[in-house]
Amino acid sequence: MPQQTSLINPIGFKIHWMKLREAKSAEIIWEASDNLTFPNEELRAWMPKTCGRIIREVNFSTVRPMNWFRMEQKLFLKDRLFNEWSFESSSVGERTLTAPELLKLPVEIFNGDIVLETKFFYQNNPIASNRIRFFID
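Position labels on residues start from 1 in each chain and follow its written sequence. Whole-chain, interface and lining totals are the exception, using all residues; otherwise, since this is a predicted model, local features are given only for residues with pLDDT of at least 70 and side-chain atom pairs are given and counted only at 80 or more. Computation of side-chain values: all heavy atoms of the structure, hydrogens and water removed.

## Description of the sheet that holds strand S9 (residues 125-136)
Part 1 of the argument: Judged by pairing direction, the sheet is mixed, and its 5 strands sit side by side in the order S3-S9-S8-S5-S6 without closing on themselves. Looking at which strands have only one partner, the edges of the open sheet turn out to be strand S3 (43-47) and strand S6 (80-89). Along the sheet, successive strands turn relative to each other by an average axial angle of 20 degrees, direction set aside.
Part 2 of the argument: At least two DSSP bridges between two strands are needed for those strands to be called paired. Where helices and strands are cited, they refer to DSSP runs of H or I of at least four residues and of E of at least two residues respectively, numbered from the N terminus. Strand direction decides the pairing type here: strand S5 (residues 69-77) and strand S8 (residues 111-122), joined by 9 bridges, are antiparallel. Bridge pairing in S8 links leucine 77 to isoleucine 114. Only the stretch in contact is used when a helix axis is fitted, and all axes are lines through C-alpha atoms; the angle between N-to-C directions ranges over 0 to 180 degrees.

Here it is as structure tokens:
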């Protein structure tokens, strides 16, 4: 579950939507748009059995401009850190970020053992967090 302590969001940060796309075809295989900034529980993404590499897109905005923004993404396999990626920017307004190809893993392991955790920071203060657990459709 995302940790909601020490939330500081003076700039009105909001995640509008997230999408997962199959990298080759760009077909949307999962999307969400409800309560993504600090969901009360883990999100669940159901992957098709024929899925290849996955790309994730995140769209967000702020009420006030941010003078320093960081997004950290961690991929866990069976609760162990498997991969890590981050993005930093000195100035951010409304934006859509496309993460590099996230997953190139055998579809058989999408049985609930893969979790993508993303945290967003304004300066060094956490402003949003979410987790997506992957399953086979």
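## As for the confidence of the model for the protein chain
Part 1 of the argument: Put simply, the protein chain has an average pLDDT of 79, and 80% of its residues get 70 or more.
Part 2 of the argument: What pLDDT conveys is the predictor's confidence in a given residue, as a value from 0 to 100. In what follows, residue pairs with any heavy atoms lying within 4.5 Å of each other are defined as contacts. For the stretch residues 1-7, pLDDT sits under 50, and the model shows 15 contacts to residues farther than four places along the chain or on other chains.

## Overview of the side chain of arginine 133
Part 1 of the argument: Within the secondary structure, arginine 133 sits in strand S9.
Part 2 of the argument: Among all residues touching arginine 133, those that are not within four sequence positions of it are Glu42, Leu43, Arg44, Ala45, Gly112, Asp113, Ile114 and Val115.

## Topic: the pairing of strand S2 (residues 28-32)
Part 1 of the argument: Two elements, strand S1 (residues 14-22) and S2, share 4 bridges in a ladder whose sense is antiparallel. Its bridge partner lying in S2, leucine 20 is registered against tryptophan 30.
Part 2 of the argument: If you look at the hairpin formed by S1 and S2, you'll find 5 residues sitting between the two strands, and alanine 26 has a positive phi there, around 65 degrees.

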